[in-house]
Structure formats: structure tokens, C-alpha cells
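Per-entry structural report
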Amino acid sequence: MATLPSIIINRLDAERLERLIDRVAAADRQVAEQLEDELERGEVVEPHEVPADIVSMNSRVEFTDLTRQQTLVRTLVYPHALLGQQDGLSVLAPLGAALLGLKVGSLIEWRLPDGSLHEVRIEALHYQPESAGDLHR
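Residues numbered from 1 in each chain as written. Predicted model: local features only at pLDDT ≥ 70, side-chain atom pairs only at ≥ 80, totals over all residues. Heavy atoms only, no water.

Here we come to the pairing of strand E7 (residues 117–127). The side chains of a regular strand alternate between the sheet's two faces. Examined bridge by bridge, strand E3 (residues 60–65) and E7 share six bridges and lie antiparallel to one another. Paired with phenylalanine 63 across the two strands is isoleucine 122, which belongs to E7. Linking strand E6 (residues 107–111) back to E7 in an antiparallel pair, the connection comprises five residues, with glycine 115 at a positive phi of about 95°. (Pairing = 2+ DSSP bridges. Helix = DSSP H or I, 4+ residues; strand = E, 2+ residues; numbered from the N terminus.)

Our focus in this paragraph is the pattern of salt bridges. A full pass over the atoms with the stated rule returns seven salt bridges. Among the salt bridges present, the one from arginine 11 reaches glutamate 46, with a minimum N-O distance of 2.8 Å. A residue pair is termed long-range when its members are at least 10 positions apart, and arginine 11 in helix H1 (residues 11–22) and glutamate 46 in the loop between strand E2 (43–45) and E3 qualify at 35 residues. Residue glutamate 46 is classed as partly exposed on the basis of its relative accessible area of 30%. Among the ionic contacts, a cluster of salt bridges with common partners joins Arg11, Glu15 and Glu46. (Salt bridge = Lys/Arg side-chain N within 4 Å of Asp/Glu carboxyl O. Buried < 20%, exposed > 50% of the residue type's maximum accessible area, 1.4 Å probe, protein only.)

Another point: the side chain of serine 106. Along the chain, the position of serine 106 falls in the loop between helix H3 (94–99) and E6. A polar contact is formed between the side chain of serine 106 and the backbone oxygen of lysine 103, at a distance of 2.8 Å. What serine 106 contacts, discounting residues up to four positions off in sequence, is Pro5, Val120, Arg121 and Ile122. (Polar contact = N/O pair within 3.5 Å; in protein donor to acceptor, adjacent residues only side chain to side chain. Contact = heavy atoms within 4.5 Å.)

Taking every second residue as pointing to the same face, the buried face of E6 carries Ile108 and Trp110, while none of Leu107, Glu109 and Arg111 on the other face is buried. Here E6 runs beside E7; their pairing, made up of five bridges, is antiparallel. Residue pairing across strands places tryptophan 110 opposite histidine 118, the latter belonging to E7.

Another point: the sheet that holds E3. Strand order in the open sheet formed by five strands is E5-E4-E3-E7-E6, and the pairing between neighbours is mixed. Of all strands in the sheet, those bounded by a partner on one side alone are strand E5 (88–90) and E6. Across the sheet, the mean angle separating the axes of adjacent strands is 50° when strand polarity is ignored. Relative to strand E4 (residues 70–77), E3 runs antiparallel, the two sharing six bridges. Paired with threonine 64 across the bridge in E4 is threonine 71. (Axes fitted to C-alpha atoms, helices over the stretch in contact; angles between N-to-C directions.)

These values are about where atoms sit, not about what they do.
Here's what the structure looks like:
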């Protein structure tokens, strides 16, 4: 994919993610830099302005890895919340960083740690905090 899809990020998520990036461990630095790039190119809006079809932090998102022909449902979480989430996907994982701010129907390519390139399509949101009224979580 030559051009990246546009993204929308909740202002509170952006502030929390910037703090996370500032404190990230050396092992997570590469993904943190990718996440920082995402934040810089994203449109930051107030929580109540986030459209209902945008992946935000703590969203439960259904996506298809088109390369593997595998559909998964994961909750996009901060790294510290992984222990409490059976289906959690850290925003500091390459795929987690790639999903943030995307709209249902969007396609994006992401690279696994082994270097292989995968294409992912956002299928649905099963839960999004903003549309559920959880604006200050």
C-alpha cells in the first residue's frame, strides 16, 4: 500500500500514548517510534467527536489478516492492561500501533517481527468506548 489511510485519535488517548512513548523501554523503542509517527499524522479530536467506526484505545476490534486468511477479535490496550485481557493486543505491538485510529473497512499493511508483510482489513467494532459513552476511561 503506497498511501496510509487517514486516522482519527481521541485527544485523551493521544496524551496517554505520548506519555507512554516517553517512558518506553529500549526493547519497544522501534514500535514506539512507529506509534509516534501515527500520532503525528493523525487527526486528534475530542472524545465525544470520535466517529463510532474508528478504532480507539480499549476498542474491541474484528479484523482479517488477508495474508493468512484469518479473522480475529482483539481489544486494543495499553501494555500494562495486557495481564487483565485474555484477548488483549498491546498498542506497542506492531499490529496494535497499526490499528489505532483506523476506520471500519480500512486496509493497512503491517510487518511482523520476522519481516513478513501482512495486509489487514478492519471488519467491525464490537465495542468502542466513545460510542458507549465511556469518554473518560
